[in-house]
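# A closer look at the structure
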Amino acid sequence: MSPMLEVQGACIGYGPIEAVSDVSIRVETGQVVAIVGANGAGKTTLMKAVAGLLPLSAGRVLFEGRDITAMPPHRRVGAGIALSPEGRQVFPDQSVRDNLELGAWSRDLSPCAMEAAIEAQYALFPRLRERQGQMAVTLSGGEQQMLAIARALMGEPRLLLLDEPSLGLAPLVIKEIFGIIRALRARGITVLLVEQMANLALGVADQAYVLETGRVTLSGSGAALLQHPQVRAAYLGAG
Ligand code: ATP
(Lines give C-alpha, C1' and ligand atoms only; values in the text may rest on other atoms or scores of the structure.)
Protein backbone atom coordinates (compact mmCIF):
# COMPACT_ATOMS: atom_id res chain seq x y z
CA MET A 1 0.00 0.00 0.00
CA SER A 2 1.28 3.46 -0.80
CA PRO A 3 1.87 5.81 2.12
CA MET A 4 -0.65 8.58 2.79
CA LEU A 5 1.91 11.24 1.94
CA GLU A 6 5.20 11.01 0.15
CA VAL A 7 7.51 13.91 -0.59
CA GLN A 8 10.19 12.88 -3.06
CA GLY A 9 13.36 14.89 -3.58
CA ALA A 10 11.72 18.22 -2.85
CA CYS A 11 13.60 21.46 -3.48
CA ILE A 12 11.78 24.59 -2.37
CA GLY A 13 13.12 28.12 -2.42
CA TYR A 14 12.42 31.78 -2.21
CA GLY A 15 14.00 33.27 -5.32
CA PRO A 16 17.70 32.46 -5.14
CA ILE A 17 17.46 31.08 -1.57
CA GLU A 18 17.00 27.30 -1.47
CA ALA A 19 15.30 26.70 1.89
CA VAL A 20 14.63 22.97 1.36
CA SER A 21 17.06 20.83 -0.65
CA ASP A 22 16.30 17.33 -1.92
CA VAL A 23 14.05 16.35 1.00
CA SER A 24 12.16 13.06 0.95
CA ILE A 25 9.69 12.03 3.66
CA ARG A 26 6.98 9.37 4.03
CA VAL A 27 3.90 9.55 6.21
CA GLU A 28 2.09 6.24 6.67
CA THR A 29 -1.66 6.21 7.22
CA GLY A 30 -2.64 6.56 10.89
CA GLN A 31 0.77 7.76 12.05
CA VAL A 32 2.01 10.91 13.68
CA VAL A 33 5.17 11.97 11.84
CA ALA A 34 7.28 14.77 13.26
CA ILE A 35 9.77 17.09 11.60
CA VAL A 36 12.09 18.65 14.12
CA GLY A 37 14.93 21.08 13.69
CA ALA A 38 16.23 24.48 14.66
CA ASN A 39 14.90 27.88 13.66
CA GLY A 40 15.18 28.40 9.93
CA ALA A 41 15.81 24.73 9.11
CA GLY A 42 13.04 24.79 6.51
CA LYS A 43 10.26 23.07 8.44
CA THR A 44 7.54 25.63 7.71
CA THR A 45 8.66 25.87 4.09
CA LEU A 46 8.20 22.12 3.69
CA MET A 47 4.79 22.23 5.37
CA LYS A 48 3.61 25.06 3.11
CA ALA A 49 4.71 23.13 0.06
CA VAL A 50 2.71 20.08 1.19
CA ALA A 51 -0.32 22.37 1.60
CA GLY A 52 0.30 23.76 -1.90
CA LEU A 53 1.13 27.28 -0.72
CA LEU A 54 4.68 27.16 -2.12
CA PRO A 55 5.78 25.50 -5.39
CA LEU A 56 8.52 22.88 -5.62
CA SER A 57 11.42 23.74 -7.91
CA ALA A 58 12.21 20.01 -8.11
CA GLY A 59 10.70 16.81 -6.75
CA ARG A 60 7.15 15.54 -6.24
CA VAL A 61 4.41 15.38 -3.62
CA LEU A 62 2.20 12.29 -3.65
CA PHE A 63 -0.99 12.03 -1.59
CA GLU A 64 -2.53 8.57 -1.32
CA GLY A 65 -0.48 7.54 -4.33
CA ARG A 66 -1.61 10.42 -6.51
CA ASP A 67 0.77 13.13 -7.76
CA ILE A 68 -0.50 16.43 -6.32
CA THR A 69 2.65 18.48 -7.01
CA ALA A 70 0.75 20.88 -9.26
CA MET A 71 -2.57 20.82 -7.40
CA PRO A 72 -3.65 24.23 -6.03
CA PRO A 73 -4.13 24.57 -2.25
CA HIS A 74 -7.95 24.71 -2.23
CA ARG A 75 -8.13 21.44 -4.14
CA ARG A 76 -5.74 19.81 -1.66
CA VAL A 77 -8.17 20.77 1.12
CA GLY A 78 -10.95 19.09 -0.85
CA ALA A 79 -8.71 16.05 -1.34
CA GLY A 80 -8.28 15.66 2.45
CA ILE A 81 -5.29 17.76 3.53
CA ALA A 82 -5.74 20.56 6.08
CA LEU A 83 -3.16 22.96 7.51
CA SER A 84 -3.16 24.43 10.99
CA PRO A 85 -0.61 27.16 10.27
CA GLU A 86 2.28 28.45 12.31
CA GLY A 87 1.14 31.43 14.36
CA ARG A 88 -2.43 30.06 14.33
CA GLN A 89 -3.87 32.76 12.04
CA VAL A 90 -7.45 32.49 13.27
CA PHE A 91 -9.83 35.15 11.93
CA PRO A 92 -9.48 37.65 14.78
CA ASP A 93 -12.74 39.58 14.37
CA GLN A 94 -14.91 36.51 13.91
CA SER A 95 -16.42 34.51 16.73
CA VAL A 96 -15.13 31.05 17.65
CA ARG A 97 -18.18 29.55 16.01
CA ASP A 98 -17.79 31.56 12.81
CA ASN A 99 -14.13 30.53 12.62
CA LEU A 100 -15.25 26.92 12.78
CA GLU A 101 -17.92 27.43 10.11
CA LEU A 102 -15.30 29.01 7.85
CA GLY A 103 -13.15 25.91 8.31
CA ALA A 104 -15.84 23.85 6.58
CA TRP A 105 -15.92 25.99 3.41
CA SER A 106 -14.74 23.09 1.27
CA ARG A 107 -17.58 20.76 2.29
CA ASP A 108 -20.93 22.41 1.40
CA LEU A 109 -22.58 21.13 4.58
CA SER A 110 -26.32 21.22 5.30
CA PRO A 111 -27.23 23.17 8.46
CA CYS A 112 -27.64 19.90 10.37
CA ALA A 113 -24.31 18.51 9.19
CA MET A 114 -22.62 21.83 10.06
CA GLU A 115 -24.09 21.61 13.57
CA ALA A 116 -22.85 18.04 13.96
CA ALA A 117 -19.37 19.01 12.74
CA ILE A 118 -19.17 21.91 15.19
CA GLU A 119 -20.42 19.68 18.02
CA ALA A 120 -17.65 17.20 17.21
CA GLN A 121 -15.09 19.98 17.69
CA TYR A 122 -16.67 21.11 20.95
CA ALA A 123 -16.50 17.51 22.20
CA LEU A 124 -12.75 17.50 21.50
CA PHE A 125 -12.18 21.06 22.72
CA PRO A 126 -14.74 21.81 25.48
CA ARG A 127 -13.13 25.20 26.08
CA LEU A 128 -14.22 26.31 22.61
CA ARG A 129 -17.86 25.53 23.41
CA GLU A 130 -17.65 27.79 26.46
CA ARG A 131 -16.25 30.57 24.27
CA GLN A 132 -18.24 30.01 21.10
CA GLY A 133 -19.62 33.56 20.90
CA GLN A 134 -16.34 35.25 21.78
CA MET A 135 -14.23 37.00 19.12
CA ALA A 136 -11.14 34.92 18.34
CA VAL A 137 -8.82 37.86 19.06
CA THR A 138 -9.91 37.79 22.72
CA LEU A 139 -8.91 34.13 23.22
CA SER A 140 -5.74 33.12 25.03
CA GLY A 141 -2.85 31.79 22.93
CA GLY A 142 -3.70 28.22 23.86
CA GLU A 143 -7.37 28.68 23.02
CA GLN A 144 -6.43 30.22 19.68
CA GLN A 145 -4.23 27.20 18.96
CA MET A 146 -7.12 24.89 19.79
CA LEU A 147 -9.36 26.95 17.50
CA ALA A 148 -6.80 26.77 14.68
CA ILE A 149 -6.68 22.96 15.00
CA ALA A 150 -10.46 22.67 15.29
CA ARG A 151 -10.94 24.92 12.26
CA ALA A 152 -8.61 22.68 10.25
CA LEU A 153 -10.52 19.61 11.43
CA MET A 154 -13.79 21.13 10.18
CA GLY A 155 -12.57 20.27 6.68
CA GLU A 156 -12.61 16.60 7.80
CA PRO A 157 -9.03 15.99 6.68
CA ARG A 158 -7.40 12.59 6.51
CA LEU A 159 -4.05 14.34 6.83
CA LEU A 160 -3.61 17.20 9.31
CA LEU A 161 -0.56 19.43 8.90
CA LEU A 162 0.25 20.94 12.27
CA ASP A 163 2.85 23.70 12.18
CA GLU A 164 4.48 24.61 15.52
CA PRO A 165 1.44 24.06 17.77
CA SER A 166 3.48 24.79 20.92
CA LEU A 167 4.71 28.20 19.77
CA GLY A 168 4.46 30.77 22.56
CA LEU A 169 2.34 28.62 24.86
CA ALA A 170 2.73 27.81 28.55
CA PRO A 171 3.95 24.29 29.48
CA LEU A 172 0.57 23.10 30.77
CA VAL A 173 -1.21 24.23 27.62
CA ILE A 174 1.45 22.58 25.48
CA LYS A 175 0.81 19.34 27.35
CA GLU A 176 -2.88 19.68 26.58
CA ILE A 177 -2.20 20.27 22.87
CA PHE A 178 -0.01 17.15 22.71
CA GLY A 179 -2.79 15.19 24.42
CA ILE A 180 -5.06 16.31 21.61
CA ILE A 181 -2.56 15.13 18.98
CA ARG A 182 -2.68 11.67 20.58
CA ALA A 183 -6.49 11.80 20.60
CA LEU A 184 -6.51 12.67 16.90
CA ARG A 185 -4.31 9.69 16.08
CA ALA A 186 -6.65 7.48 18.09
CA ARG A 187 -9.46 8.76 15.85
CA GLY A 188 -7.57 7.69 12.76
CA ILE A 189 -6.34 11.10 11.64
CA THR A 190 -2.83 11.09 10.22
CA VAL A 191 -0.71 13.99 11.48
CA LEU A 192 2.39 15.64 10.06
CA LEU A 193 3.78 17.73 12.88
CA VAL A 194 6.41 20.44 12.68
CA GLU A 195 7.77 21.34 16.07
CA GLN A 196 10.72 23.00 17.76
CA MET A 197 10.03 21.25 21.06
CA ALA A 198 11.89 18.15 19.93
CA ASN A 199 11.37 16.17 23.13
CA LEU A 200 7.58 16.47 22.96
CA ALA A 201 7.40 15.95 19.22
CA LEU A 202 9.59 12.82 19.30
CA GLY A 203 7.65 11.55 22.31
CA VAL A 204 4.41 11.50 20.33
CA ALA A 205 5.81 10.65 16.88
CA ASP A 206 5.71 7.21 15.29
CA GLN A 207 8.34 8.39 12.80
CA ALA A 208 10.42 11.53 12.71
CA TYR A 209 12.87 13.46 10.58
CA VAL A 210 15.53 15.92 11.65
CA LEU A 211 15.88 18.84 9.26
CA GLU A 212 19.08 20.90 9.29
CA THR A 213 19.56 23.83 6.92
CA GLY A 214 17.09 22.42 4.47
CA ARG A 215 18.25 18.80 4.46
CA VAL A 216 17.15 15.65 6.27
CA THR A 217 20.11 14.62 8.42
CA LEU A 218 18.48 11.88 10.51
CA SER A 219 15.29 9.86 10.47
CA GLY A 220 13.80 6.99 12.42
CA SER A 221 11.14 6.19 14.99
CA GLY A 222 10.38 8.95 17.49
CA ALA A 223 11.65 6.68 20.28
CA ALA A 224 14.92 5.95 18.48
CA LEU A 225 15.60 9.61 17.74
CA LEU A 226 14.88 10.54 21.36
CA GLN A 227 17.80 8.29 22.30
CA HIS A 228 20.07 9.34 19.46
CA PRO A 229 23.23 11.04 20.80
CA GLN A 230 23.25 13.64 18.02
CA VAL A 231 19.63 14.58 18.69
CA ARG A 232 20.18 14.63 22.43
CA ALA A 233 23.16 16.93 22.07
CA ALA A 234 21.65 19.30 19.52
CA TYR A 235 17.97 19.46 20.47
CA LEU A 236 17.41 18.02 23.92
CA GLY A 237 20.05 19.90 25.86
CA ALA A 238 21.91 16.71 26.80
CA GLY A 239 25.58 15.91 26.26
P1 ATP B 1 10.99 28.50 12.20
O2 ATP B 1 10.82 27.48 13.21
O3 ATP B 1 11.80 29.67 12.66
O4 ATP B 1 9.74 28.89 11.49
P5 ATP B 1 11.61 26.79 9.98
O6 ATP B 1 12.40 25.57 10.18
O7 ATP B 1 10.14 26.63 9.85
O8 ATP B 1 11.96 27.84 11.11
P9 ATP B 1 11.46 28.21 7.51
O10 ATP B 1 10.49 29.23 8.04
O11 ATP B 1 10.93 27.17 6.61
O12 ATP B 1 12.21 27.51 8.71
O13 ATP B 1 12.67 28.98 6.80
C14 ATP B 1 13.71 28.30 6.09
C15 ATP B 1 14.62 29.30 5.42
O16 ATP B 1 13.93 30.02 4.41
C17 ATP B 1 15.18 30.36 6.37
O18 ATP B 1 16.50 30.58 6.03
C19 ATP B 1 14.32 31.57 6.11
O20 ATP B 1 15.03 32.76 6.35
C21 ATP B 1 13.99 31.41 4.64
N22 ATP B 1 12.68 32.01 4.33
C23 ATP B 1 11.51 31.69 4.90
N24 ATP B 1 10.50 32.43 4.37
C25 ATP B 1 11.06 33.23 3.45
C26 ATP B 1 10.56 34.23 2.55
N27 ATP B 1 9.26 34.52 2.49
N28 ATP B 1 11.46 34.84 1.75
C29 ATP B 1 12.77 34.55 1.80
N30 ATP B 1 13.31 33.61 2.60
C31 ATP B 1 12.47 32.96 3.43
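These numbers were taken from a predicted model, which means no experiment stands behind them. (Residues numbered from 1 in each chain as written. Predicted model: local features only at pLDDT ≥ 70, side-chain atom pairs only at ≥ 80, totals over all residues. Heavy atoms only, no water.)

Taken together, 14 residues sit near the ligand, with Asn 39, Gly 40, Lys 43, Thr 44 and Thr 45 positioned nearest. Within the side chain of Asn 39, one N or O atom sits 2.6 Å away from an oxygen atom of the ligand. At 2.8 Å from an oxygen atom of the ligand is found a side-chain nitrogen or oxygen belonging to Lys 43. Here the ligand has 620 Å² of accessible area as a free molecule, and 62% of this is covered by the chains. Elements with a contribution of two residues or more to the shell around the ligand: strand E2 (17-27) and helix H1 (43-51). Considering every element that reaches the shell around the ligand, the biggest residue donor is H1, with three residues. For the shell around the ligand, a count of residues per class yields five nonpolar, six polar and three charged. (Near = heavy atom within 4 Å. Polar contact = N/O pair within 3.5 Å; in protein donor to acceptor, adjacent residues only side chain to side chain. Areas by Shrake-Rupley, 256 points an atom, 1.4 Å probe, with all protein chains shown as cover. Helix = DSSP H or I, 4+ residues; strand = E, 2+ residues; numbered from the N terminus. Nonpolar A, V, L, I, M, F, W, Y, C, P; charged D, E, K, R; others polar.)

A few words on the layout of surface pockets. Of the voids in this model, the largest pocket is the one considered here, and its volume is about 540 Å³. Lining the largest pocket we find 25 residues, and of these Val 77, Ala 82, Leu 83, Pro 85 and Arg 151 sit closest to its centre. Of all elements in the fold, only H1, helix H2 (73-79), strand E6 (81-84), helix H3 (96-103), helix H6 (141-153) and strand E7 (159-163) reach the threshold of two or more residues within the lining of the largest pocket. Split by residue class, the lining of the largest pocket holds 15 nonpolar, five polar and five charged. Of the pockets and cavities examined, the second largest pocket occupies roughly 210 Å³. If you go around the second largest pocket, the residues you meet are Arg 107, Ala 117, Ala 120, Gln 121, Leu 124, Leu 153, Met 154, Glu 156, Leu 184, Arg 187 and Ile 189. Looking at which element gives the most residues to the lining of the second largest pocket, the answer is helix H4 (residues 111-124), with four residues. Partitioned by chemical class, the residues of the lining of the second largest pocket number seven nonpolar, one polar and three charged. (1 Å grid on protein atoms, 1.4 Å probe; cavity = no way out; pocket = protein on both sides within 12 Å on 5 of 7 lines; lining within 4 Å. Points joined across faces, edges and corners; volume = space filled by probe spheres on them.)

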